[in-house]
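# Summary of structural features
These are the residues of each chain, in order.
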Amino acid sequence: MNLDSSPIAAIATAPGRGGIGVVRASGKNLQALIKALFGETGLKPRHATYIPFKQADGSIIDQGIAIWFKGPHSYTGEDVLELQGHGGPIVLQILLARVLEAGEDLGLRLAEPGEFTRRAYLNDKLDLAQAEAVADLIDASTEAAAKSASQSLSGAFSKTVNTLVDSVTNLRMLVEATLDFPEEEIDFLEKSNARGQLKGIVDALEQVFKQAAQGALLREGLNVVLVGQPNVGKSSLLNALAGNDVAIVTPIAGTTRDKVTETIQIEGIPLNIIDTAGIRAPDEAVDVVERIGIERTWGEVGKADVILHLLDADHGPSRADENITAAFPAGVPVLRIWNKIDLSGHKPGVDQMDDATHIYLSAHEHIGIDLLRKELLRIAGWQQTGESLYLARERHLIALKNAGAHLERAGQHAAQDDQSLDLFAEELRLAQVQLSSITGAFSSDDLLGVIFSRFCIGK
Ligand code: GDP
Ligand code: ZN
C-alpha cells in the first residue's frame, strides 16, 4: 500500500451505471491540476462550474460540474477537486485517466481504499470513531443502522466518549497533584470525594456501553441457522419471518439443496438467516458429496448466534432429530420450534422445558410467528429504549470494557483498606488510554496540558 502524502484521485461513486458519476482528487495544492484541466482562469473555490472536461488535445470527454474545495475547507482538509460527470463506467475511467495524466507532474496517483477519509482523520476533520462511522453509514443494511451511523458521524458518540475521558482526566489530575504533596495524600480520597466521582464515571460508562452494545447489534445483526428434517417447514418459516418468498417451498422432501441466506429485520435488527439443506448428524452421511454438504452445514451451525431447530409438532421428533440435537455445539442457544400446530392441535406458545425453549407455531398458517420474533430479540439482547444508540464496533466495545475493568481496579485501590493513590492514578491513566483509543485522540501531552492549564499546582 502506498500511503505517502502525494495527491490522490479516484472515482468516488459506486461502480456501474448511474445518472451522475464523480471523480475526486485531493492534495495539498491542486491549483496546478486545476489549471492543467481547465486553463488559466481555473475555478472559483466552492462554486459549481458547468464546464467541459477535455483531453489534453482539446477533445471533449464529457460535460459536467467541477467544484474546487480549497483546503482546509474540504472533506479531507486538503484541496479537493470534484468532477461530476455522467455516471458510466467507461466515461469515468477515461475522466480519471485524464485527471491522473494532468496531475502527473504533481505526483498525482490513484487513491488507496479509504484514503480520502484517512486524510480527513489525519487532518483532524474527523476523529477515528467518526471516520469509522463514514464506512458504517455506507454499509448500513437497515434504516435504524443508518440512523445511528449518522449519529456517530455527526460526533454524538465521540462527544459522549470525550465527556468520559474528561471526567477520568479531571479525577486523575486531582490525584496526581496530590501525589506530589505527600502530606495532602492523607484524607485525599475523603476530601475530594474521589470515590463518589469514580462511581459517577463508572455509572456513565455503563450507560454508554449499553447504548454502544445495542448499537453494535444494529450493525452486526444476529446469525440465525435454521435446521431440521426435510419437509418440516424450514423454508416456510423463513418466508413467514421474511414476509416475502425468498426460499422455494415445495412438498417434495429435500428441495432446499444448498443454503439460502436471507437478511430480514426485526425492529431494525438485521437477522442473517441461513436455511440449511436437510441436515444429518455428522457421521450419518451416505456418500462423499453428501458428506461435504453436511460438513458445510455444521460449519454454519458452529458460527451461529442462535440455532432454530424445527420439529414437526404433528409427528413428534424423529431419531434423526435426536442425533442432530446431540451434535449441536455447546454454548449456542437453541430454540426448538414445533411447526405445523395447525395439524397437531397444539396452542401457539412458548415453553421452557428441559433447559430448552420450545415454541409452538405454524409457519404455513402464520400462527405464533410473533412469539418467535420476540424470542429472537430476547436472545439478541435487544432492549428497546428511547435512548439514541451508537453504532459501535467491536473495537469500541472492547475499549469500553477494558476501561471499565481499569476503573474497577481503581476502585479497589481507593478502598479503605488499600488506599494506594499511585496505583489508583495508574488505573485511571489506563482507563483514559482505552477510552481515548476510541476517538484516536490520546496523547500524554494532552493530559499534561490539561493538568498545567487547569490546576494551580503552586497553591
Ligand atoms: P423444508 O423442507 O423444511 O424447507 O419444508 P418446506 O417449508 O418446504 O415445507 C414442506 C411442506 O410442509 C410444504 O408443503 C409446506 O406447505 C408444508 N408446511 C410448512 N409449514 C406448515 C405448517 O405450519 N402447517 C402445515 N399444515 N403445513 C406446513
Ligand atoms: Zn426448504
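Residues numbered from 1 in each chain as written. Chains lettered and ligands numbered in written order. Predicted model: local features only at pLDDT ≥ 70, side-chain atom pairs only at ≥ 80, totals over all residues.

The name given to the protein chain in an unreviewed UniProt entry is tRNA modification GTPase MnmE, with Duganella callida as the source organism. In its Subunit (unreviewed entry) section, the UniProt entry covering the protein chain states "Homodimer. Heterotetramer of two MnmE and two MnmG subunits." Per UniProt, the protein chain carries the Sequence similarities (unreviewed entry) text "Belongs to the TRAFAC class TrmE-Era-EngA-EngB-Septin-like GTPase superfamily. TrmE GTPase family." (UniProt positions renumbered as here; feature names shortened; annotations may be inferred.)

### Focus: the overall build of the protein chain
Along the protein chain, the regular secondary structure elements total 17 helices and 13 strands. Classification of the 459 residues of the protein chain by burial places 37% in the buried group. Taking all contacts inside the protein chain whose residues are at least 6 apart in sequence as the whole, residues at least 24 apart take part in 65%. (Helix = DSSP H or I, 4+ residues; strand = E, 2+ residues; numbered from the N terminus. Buried ≥ 20, exposed ≤ 12 C-beta atoms within 10 Å, placed from the backbone. Contact = placed C-beta atoms within 7 Å.)

### Brief notes about the packing of helix α6 (residues 156-179) against helix α9 (residues 194-220)
Two elements in contact, α6 and α9, have axes separated by 10 Å at closest approach and are oriented at 160°. The angle between α6 and α9 falls in the class roughly antiparallel. For the pair α6 and α9, the sense of crossing is left-handed. Facing α6, whose interface residues are Thr160, Leu164, Ser167, Val168, Leu171, Leu174 and Val175, α9 presents Ala194, Gln197, Leu198, Ile201, Ala204, Leu205 and Val208. Looking at side-chain class alone, the contact of α6 with α9 contains eleven nonpolar, three polar and no charged residues. (Axes fitted to C-alpha atoms, helices over the stretch in contact; angles between N-to-C directions. Parallel < 35°, antiparallel > 145°, perpendicular 65-115°, else oblique. Left-handed = near helix turned anticlockwise from the far one by under 90°. Nonpolar A, V, L, I, M, F, W, Y, C, P; charged D, E, K, R; others polar.)

### So, the site of ligand 1
As a structural note, the neighbourhood of ligand 1 is formed by 20 residues, with Gly233, Ser235, Ser236, Ser362 and His364 the closest of them. If you list the elements that add at least two residues to the shell around ligand 1, you get α10 (234-242) and α13 (341-344). With three residues, α10 is the largest single contributor of residues to the shell around ligand 1. (Near = placed C-beta within 6 Å.)

### Description of the pairing of strand β7 (residues 222-228)
Burial within β7 is extensive, with six of its seven residues counted as buried. In this sheet, strand β9 (residues 269-275) lies alongside β7 in parallel orientation, the contact comprising five bridges. Along β9, the bridge assignment pairs leucine 226 with aspartate 275. Pairing between β7 and strand β10 (residues 306-312): five bridges, direction parallel. Residue pairing for β10: glycine 228 is matched across the bridge by leucine 310. (Pairing = 2+ DSSP bridges.)

### A word on the confidence of the model for the protein chain
When pLDDT is averaged along the protein chain, the result is 84, and 87% of the positions lie at 70 or above. Below a pLDDT of 50 lies the segment residues 443-459, which in the model reaches eight contacts outside its immediate sequence neighbourhood of four places, other chains included. Predicted as a complex, the structure gets a pTM of 0.69 and an ipTM equal to 0.97. (pLDDT = per-residue confidence, 0-100.)

### Concerning the sheet that holds strand β6 (residues 109-110)
A sheet is described by the order of its strands in space; here six strands give the open sequence β3-β4-β5-β2-β1-β6, paired in mixed fashion. Lying at the two open borders of the sheet, with one neighbouring strand each, are β3 (49-54) and β6. Sheet topology places strand β1 (residues 8-11) next to β6; two bridges connect them, and they run parallel. The residue of β6 that forms the bridge with alanine 9 is leucine 110.

### A few points about the nonpolar core
Among the nonpolar cores identified, the biggest contains 106 residues, and Ala25, Val225, Leu226 and Leu435 are the most heavily contacted of them. Among the elements that make up this core, the one with the highest residue count is α9 (nine residues). Residues in contact with valine 225, not counting those within four places in the same chain, are Ile274, Thr276, Glu300, Val301, Ala304, Ile307 and Leu308. (Core = buried A, V, L, I, M, F, W, Y, C linked by C-beta atoms within 7 Å.)

### Here's the deal with the pairing of strand β11 (residues 334-339)
Bridging between β10 and β11 involves six bridges; their strand directions are parallel. Bridging across to β11, leucine 308 finds its partner in leucine 335. Read as a crossover between parallel neighbours, the route from β10 over helix α12 (residues 319-327) to β11 is right-handed. Taken together, the four bridges between β11 and strand β13 (residues 356-360) define a ladder with parallel strand orientation. Note that in β13 the partner of arginine 336 across the bridge is histidine 358. (Right-handed = clockwise from strand over helix to strand, strands pointing away.)

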